[in-house]
Amino acid sequence: MPDSQSATLTCDVLVVGAGPAGIAAALEAHNAGRDVLVIDKATFPRDKCCGDGLTTGALRVLESLGFDPSRVASWTPTTNVWLRSPSGREMSMPLPEGRGTFAAIAPRIEFDDALVRTAIDRGVRIAQGVTFTRIAESNDSGVTVEVDGLGTVHAQYVVAADGMWSPVRKSLGLSTPGYLGEWHAFRQYASNVTGPAKDRLIVWFDEDLLPGYAWSFPLRNGRVNIGFGILRGGRHSVQDMNALWPDILSRPHVRAALGETVTLEGRHTAWPIPARVTSATLTHDRVLFVGDAACATDTLTGEGIGQALASGQLAGRAIAAEFTSASRVARTYRRSMKSTFFADHRMSVVLGAILRSSLGARGALRLANSNDWTRRNFVRWMFEDEPRAAIFTPSRWHRGFLKRPGVELGSASNGTVVS
Ligand SMILES: Cc1cc2nc3c(=O)[nH]c(=O)nc-3n(C[C@H](O)[C@H](O)[C@H](O)COP(=O)(O)OP(=O)(O)OC[C@H]3O[C@@H](n4cnc5c(N)ncnc54)[C@H](O)[C@@H]3O)c2cc1C
């Protein structure tokens, strides 16, 4: 990689951001024979403030990308899911066992690094520690981009996979003034967990956090990722979050789950979650926005890794399929984003409104906990094994609805399952 600021690089596709969205886009375009350059301001392994939970939806995209989880040292598949209603009732909603993986926890510092290494091994060029600064020019012959630490890059297409604050979006003057995301979430790691949270994936729907929740996601050897997320405009403000954290940790059900010996690790972090894909800018001339840069997280749960992977894949495919026509690339990508995400987003908005009240959340969880069938299928649906709004979108119906086996992701998916 040239190290001079004055060097000019060319490529078919410049991907800004090497998180899940960027790597998925890069792999798709590269697999289709396109010359792809990925840039990231970070040097991997780098951390990302996240709950580290991979839904079935995320795992299915990883499977299609040929991802090998044995690259992630702390990869922790789980079938052991517990929810706690605002009423205090705890319910076990196990995922199917022995039929592949339906959920896994993968610390982002390891997971994103494994994705980057996967792409490098497949031949994708990745420049780390270099920062997108601006789009200098965009016309019929392509996009010219300034990259601090690399120089000028000329690409036919730019995929903006640069996260919530998307410097690419900002450089194009497309940012919404004052936009801070729909959710805000807070995370810390803890070790020496001896209570049930050691091997349970727990979601606590405490009344004051609704429609948000607190979580504890199990990793190996008594380690967990714990945190909580709140919807902006709810009972607690983002400014309250630091003060709220010790309060949440001291709640009896949280203490009982973690055990007396729990030790909080290092610093905690918080970050916004953008969840308004139906109104986000998805394309601008030869630029395609993906993942958090396309505000694609699920507005019901705040999960966004699966959405980042899927939208990245759709962008890579649109570029590969329609390379010679920028207008067709943009149209194809917008259409595929619409059919993949929009109905589910609207469904999540409706369900989120129900979860806002304690009564609504209690009722919804009581319904989910009615019998074995509802427990089994509710959790698979919650983990995005099927689209949120599948029932209202017949075009996505298939014979194996909620009956498909889980995901087989190479050797580690057969490894230690926390159950
Ligand atoms: C506390 C918290 C908990 C969460 N928990 C979960 C969860 O359990 N499961 C789940 O599915 N989702 C979760 N999410 C959401 C999830 O983290 C995001 O949706 C996901 O990371 C989006 O991926 P991405 O690839 O779009 O962006 P990112 O992962 O943010 O990657 C963006 C990349 O762009 C790079 N970049 C930024 N600016 C520049 C620049 N100028 N030049 C070059 N590179 C640049 C960054 O360095 C970064 O590597 C959580 C979010 C938060 C805040």
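Everything in this summary refers to the structure shown in the same document. All residue numbers here refer to positions counted from 1 along the written sequence of the relevant chain. For this predicted model, a pLDDT threshold of at least 70 governs which residues receive local features, and a threshold of 80 or more governs which side-chain atom pairs are given and counted, while totals over whole chains, interfaces and linings are taken from all residues. Side-chain numbers come from the whole structure's heavy atoms, not from hydrogens or water.

## Section: the packing of aromatic side chains
Consideration 1: Side-chain rings of Phe, Tyr and Trp, where Trp is taken by its six-membered ring, are said to pair if the distance between their centres is within 6.5 Å; with planes under 30 degrees apart they count as stacked, over 60 as edge-to-face, and otherwise as tilted. Applying the stated criterion across every chain yields a total of ten aromatic pairs.
Consideration 2: Look at Phe-67 and Phe-111: their rings are 5.6 Å apart centre to centre, the planes differ by 75°, and that puts the pair in the edge-to-face class. Here Phe-67 is found in the loop between α2 (56-64) and β4 (76-77), whereas its partner Phe-111 is found in helix α3 (residues 108-122), with 44 residues between them in sequence. For the pair formed by Phe-67 and Phe-111, the shared burial category is buried.
Consideration 3: When the centroid spacing of 5.5 Å and the interplanar angle of 65° are considered together, the rings of Tyr-157 and Phe-323 count as edge-to-face. With Tyr-157 in strand β11 (residues 151-160) and Phe-323 in the loop between α7 (305-321) and α8 (326-355), the pair connects residues that are 166 residues apart, well separated along the chain.
Consideration 4: Burial classes follow relative accessibility: with a 1.4 Å probe on protein chains only, a residue under 20% of its type's maximum area counts as buried, one over 50% as exposed, and anything between as partly exposed. Given the relative accessible area of 15%, Phe-323 is considered buried.
Consideration 5: Taken together, the ring pairs in this structure connect Phe-205, Tyr-213, Trp-215 and Phe-217 into an aromatic cluster.
Consideration 6: Two conditions define a charge sitting above a ring: the NZ of Lys or the CZ of Arg must be within 6 Å of the ring centre, and it must be within 35 degrees of the ring normal. Positioned above the aromatic ring of Tyr-189 is the side chain of Arg-223, whose terminal nitrogen or guanidinium carbon lies 4.5 Å from the ring centre.
Consideration 7: One residue, Arg-286, lies across the ring of Tyr-157, its end atom 5.2 Å from the ring centre. Only DSSP runs of H or I covering at least 4 residues are called helices, and only runs of E covering at least 2 are called strands; the numbering of each starts at the N terminus.

## Regarding unusual backbone geometry
Glycine aside, negative phi is the norm for most residues, and most peptide bonds take the trans geometry.
Consideration 1: Between Phe-44 and Pro-45 the backbone carries a cis peptide bond, its omega angle lying at 0°.
Consideration 2: Looking at where Pro-45 falls in the secondary structure, it is placed in the loop between β2 (36-40) and β3 (53-54).
Consideration 3: With an omega dihedral of 0°, the bond running from Leu-210 to Pro-211 counts as a cis peptide bond.
Consideration 4: Positionally, Pro-211 belongs in the loop between β13 (201-204) and β14 (213-218).
Consideration 5: With phi around 55°, Leu-402 is a residue other than glycine that occupies positive phi space.
Consideration 6: On the secondary structure map, Leu-402 appears in the segment after α10 (372-382).
Consideration 7: Take Leu-402: its relative accessible area is 12%, and that puts it in the buried class.

## Section: the pattern of salt bridges
Consideration 1: Salt bridges are counted wherever a side-chain nitrogen of Lys or Arg sits within 4 Å of a carboxyl oxygen of Asp or Glu. Per the counting criterion, the structure on display carries 24 salt bridges.
Consideration 2: The salt bridge involving Arg-187 is made with Asp-47; its shortest N-O contact spans 2.7 Å. Note that Arg-187 is positioned in strand β12 (residues 183-191) and Asp-47 in the loop between β2 and β3, a separation of 140 residues in sequence.
Consideration 3: Between Glu-386 and Arg-404 there is a salt bridge, and its shortest N-O distance comes to 3.5 Å. You can see Glu-386 sitting in the segment after α10 and its partner Arg-404 sitting in the segment after α10, a full 18 residues away along the chain.

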